[in-house]
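Structure assessment
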Amino acid sequence: MLNESQLAEYQDKGHLTINRFYGPETVAQVIAEINIWADETRAELSAEDQRWYFEQNAPEGISLFRKLDNPIYNREVLRRLIVTPELLSLGKQLIGKALTVFFSQVFMKPAKYGGPKPVHQDNYYFGPEDEDKVLTIWLAIDNATVENGCLYFGDGSHHTGVHQHVAPSDEPFNLMVPEEIAAEFPMTPAPVDAGGISLHHGNTFHQSSENKSEFPRRALAMHFIPQDMNLINPALEYDQSVVVRF
Ligand SMILES: O=C(O)CCC(=O)C(=O)O
């Protein structure tokens, strides 16, 4: 459970960091499982999927995963290790008693070639009925630092509603807050130690920079909503057959 000051921080800033949520053994098991999964997935990716799932900045002949989708649905081991009663109690405290992870992602952000994620609001992607009922819990698998591309947040931006996003014409899925609106909220870095978690409200502006460092910045994000709430206006299609209810 969050204590009063953590709750107040989440409500005020729209995000909260909790270090040491999982121990090093759990983090090591998570890494081992992701490595197995990445190897299995690599073998079956089509050329088109490779453009989406691999880092496009890596040198010719080096294929590095940018992301893997739906770890909580696809990998029982990850579900069991990560979605513990302690984790669920945070979600229940913030958004409701019966929860759904309707989408989850592993962001690999590999050393040297990890690409940036521009400023965005999860709620523009997800289009929920109630903006206050989307919670992302982001687990740092490596130490996430300014050097290797930790998250940055616009403190208090969750109080400003959902803004229309734009996307480059050659990357229609890469939705972002228009620059002039993003500029109203200075983005502050939120480093998290491996095994720590970062929670954010679905409206909170956030981004991560590229990773030019020697160290990967892997993270696993879970997007929670209450079971009785619908996504009424999603910007992309979310596959209802892969939701996991808790
Ligand atoms: O990990 C990242 O770089 C982006 C994460 C993100 O946008 C999210 O978890 O909502």
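As a starting point, this report considers the structure included with it.

Conventions and cut-offs
- Residues numbered from 1 in each chain as written.
- Predicted model: local features only at pLDDT ≥ 70, side-chain atom pairs only at ≥ 80, totals over all residues.
- Heavy atoms only, no water.
- Helix = DSSP H or I, 4+ residues; strand = E, 2+ residues; numbered from the N terminus.
- Rg over C-alpha atoms; globule rule 2.2 N^0.38 Å.
- Buried < 20%, exposed > 50% of the residue type's maximum accessible area, 1.4 Å probe, protein only.
- Contact = heavy atoms within 4.5 Å.
- Areas by Shrake-Rupley, 256 points an atom, 1.4 Å probe, with all protein chains shown as cover.
- Core = buried A, V, L, I, M, F, W, Y, C linked by side-chain atoms within 4.5 Å.
- Near = heavy atom within 4 Å.
- Polar contact = N/O pair within 3.5 Å; in protein donor to acceptor, adjacent residues only side chain to side chain.
- Phe/Tyr/Trp six-rings, centres within 6.5 Å; stacked < 30°, edge-to-face > 60°.
- Lys NZ or Arg CZ within 6 Å of the ring centre and 35° of its normal.
- Pairing = 2+ DSSP bridges.
- Axes fitted to C-alpha atoms, helices over the stretch in contact; angles between N-to-C directions.

A tally of helices and strands in the chain yields eight helices and eleven strands. In summary, the chain has a C-alpha radius of gyration of 17 Å against a globular reference of 18 Å for 246 residues, a match within 12%. Referenced to the eigenvectors of the C-alpha coordinate spread, the extents of the chain come out at roughly 50 × 40 × 35 Å. Within the chain, the proportion of its 246 residues that are buried is 53%. Of the contacts formed within the chain by residues at least 6 apart in sequence, a portion of 86% connects residues at least 24 apart. Surface exposure of the chain reaches about 11,800 Å², of which carbon and sulfur atoms provide 50%.

With that out of the way, let us pick up the nonpolar core. Ile-82, Ile-197, Leu-199, Met-222 and Phe-224 are the most contacted members of the largest nonpolar core, which has 39 residues in total. Filtering out sequence-adjacent residues up to four positions away, Met-222 remains in contact with Ile-72, Ile-82, Val-83, Leu-87, Val-101, Phe-103, Ser-104, Leu-135, Thr-136 and Ile-137. By size, the runner-up hydrophobic cluster in this structure holds 17 residues, among which are Ala-144, Cys-150, Val-177 and Phe-205.

This part covers the site of the ligand. Taken together, 13 residues sit near the ligand, with His-120, Trp-138, His-206, Ser-208 and Arg-217 positioned nearest. A distance of 3.0 Å is found between an oxygen atom of the ligand and a side-chain nitrogen or oxygen belonging to His-120. Note that an oxygen atom of the ligand is positioned 3.1 Å from one of the side-chain N or O atoms of Asp-122. If the ligand stood free it would expose 290 Å²; the protein chains cover 97% of that surface. Secondary-structure elements contributing two or more residues to the shell around the ligand are β5 (135-140), β9 (206-208) and β10 (219-226).

All of the buried residues along helix α6 (residues 85-95) are Leu-87, Leu-88, Ser-89, Leu-90, Gly-91, Leu-94 and Ile-95. Directly beyond the C-terminal end of α6, a positive phi value near 150 degrees is found at Gly-96.

Bringing the packing of aromatic side chains into the picture now. The final tally for this structure, using the stated rule, is eight aromatic pairs. Ring centres of Phe-102 and Phe-126 lie 4.7 Å apart, and the angle between their planes is 90 degrees; on these two criteria the pair is classed as edge-to-face. Separated by 24 residues along the polypeptide, Phe-102 in strand β3 (residues 99-107) and Phe-126 in helix α7 (residues 122-126) bring together distant segments of the chain. Linked through ring pairs, Phe-102, Phe-103, Phe-126 and Tyr-238 together constitute an aromatic cluster. The aromatic ring of Trp-52 is capped on one face by Arg-66, whose charged end is 4.4 Å from the ring centroid.

This part is about the sheet that holds strand β7 (residues 187-190). Judged by pairing direction, the sheet is antiparallel, and its four strands sit side by side in the order β4-β9-β6-β7 without closing on themselves. Since the sheet does not close on itself, it has two edges, and those belong to β4 (117-120) and β7, each with one partner. Here the average twist between neighbouring strands, direction ignored, is 25 degrees. Taken together, the four bridges between strand β6 (residues 151-154) and β7 define a ladder with antiparallel strand orientation. Paired with Leu-151 across the bridge in β7 is Ala-190.

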